[in-house]
Amino acid sequence: MFPLTSFLLYTFVTSITPGPNNIMSMSLGLKVGFKKTLYFNAGVLTGFCIITLLCAFFCAKLNEWIPEIRLPMLVLGTLYLIWLAVKILRSIYDTKAVEPKKGQAYLSGLFLQFVNVKVMVSAIVSIQMFVLPYYQSTEALAAFAIFIAIAGTSCNLVWSGFGSVASRLFANHTKLINTILAISLVFCAAGFWF
């Protein structure tokens, strides 16, 4: 029997926890407001769908490769999250932020997915652990992949809203909040290893 509760819990936890999409969504919401993050988040959704669909349809082949690529993926993912944490730790809240153009925001969200190791790893784990043991049809794989992408992007919108609402808090406590966010990303990176 399909472990629906476990799948939903895993999908929620991996979607709501800090990662590149959520941090970027919050940062953009903080700088330009919630409504103006929608183009970025639409790009995230598009890229997220592409990545999760690719992961779903190539998981069978990845089963053969995972022992060989697991360590390099962990190292790359860890380094990326630490790099992102350092960038956040060094960032300064800019009250005069330049609003990105709609097309640039969309493409930024789209292309972020192709370097977002968290999305790739969580999609692979979701498909491998929860879906493939029970469903192998093209339709089922596509449905699960799109569900995962929509769940992830929904959580990005939550982070965008939080950033928009909390802009005054960020302006007054930038260093503390950036430190907490950076530590959260390092914690996520450490989670790859434990």
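Because the structure is predicted, anything quoted here is derived from the model rather than measured.

### Overview of the overall build of the protein
- Check the secondary structure of the protein and you find eight helices and zero strands.
- Written out in order from the N terminus, the α and β elements of the protein read α-α-α-α-α-α-α-α.
- Considering the protein as a whole, with its 194 residues, one finds that 44% of them fall into the buried category.
- A separation threshold of at least 6 residues defines the contact pool for the protein, and within that pool the share at least 24 residues apart is 87%.
- For the protein, the exposed area adds up to about 10,700 Å²; of that, 73% sits on carbon and sulfur atoms.

### Things to note about the confidence of the model for the protein
- Taken as a whole, the protein shows an average pLDDT of 83; of its residues, 86% reach a score of 70 or greater.
- Helix 7 (residues 167-172) is the least confidently modelled element of the protein, averaging 72 in pLDDT, while helix 6 (residues 138-165) averages 93, the highest of any element.

### Remarks on a nonpolar patch on the surface
- A cluster of nonpolar residues, Ile50, Leu54, Phe57, Phe58, Leu107, Phe111 and Phe114, forms a patch on the protein surface that exposes about 650 Å² of accessible area.
- When contributions to the nonpolar patch are tallied by element, the ones reaching two or more residues are helix 3 (38-90) and helix 4 (102-112).
- Looking at the nonpolar patch, the element that brings in the most residues is helix 3, giving four residues.
- The class for Phe58 is partly exposed, based on a relative accessible area of 48%.

### Some details on the side chain of Asn156
- Note that Asn156 resides in helix 6.
- Other than its neighbours up to four places away in sequence, Asn156 contacts Asn21, Asn22, Ser25, Asn41 and Val44.

### Overview of the packing of aromatic side chains
- Summed over the entire model, instances satisfying the criterion amount to nine aromatic pairs.
- Look at Phe7 and Phe147: their rings are 5.9 Å apart centre to centre, the planes differ by 35°, and that puts the pair in the tilted class. Here Phe7, found in helix 1 (residues 4-16), pairs with Phe147, found in helix 6; they are 140 residues apart in sequence, far enough to count as distant.
- Clustering of aromatic rings is evident, with ring pairs tying together Phe2, Phe7, Tyr10, Phe130, Tyr134, Tyr135, Phe144 and Phe147.

Cut-offs and rules
Residues numbered from 1 in each chain as written. Predicted model: local features only at pLDDT ≥ 70, side-chain atom pairs only at ≥ 80, totals over all residues. Heavy atoms only, no water. Helix = DSSP H or I, 4+ residues; strand = E, 2+ residues; numbered from the N terminus. Buried < 20%, exposed > 50% of the residue type's maximum accessible area, 1.4 Å probe, protein only. Contact = heavy atoms within 4.5 Å. Areas by Shrake-Rupley, 256 points an atom, 1.4 Å probe, with all protein chains shown as cover. pLDDT = per-residue confidence, 0-100. Patch = residues over 30% accessible without salt bridge, like charges linked within 9 Å, V, L, I, M, F, W, Y side chains within 5 Å. Salt bridge = Lys/Arg side-chain N within 4 Å of Asp/Glu carboxyl O. Phe/Tyr/Trp six-rings, centres within 6.5 Å; stacked < 30°, edge-to-face > 60°.

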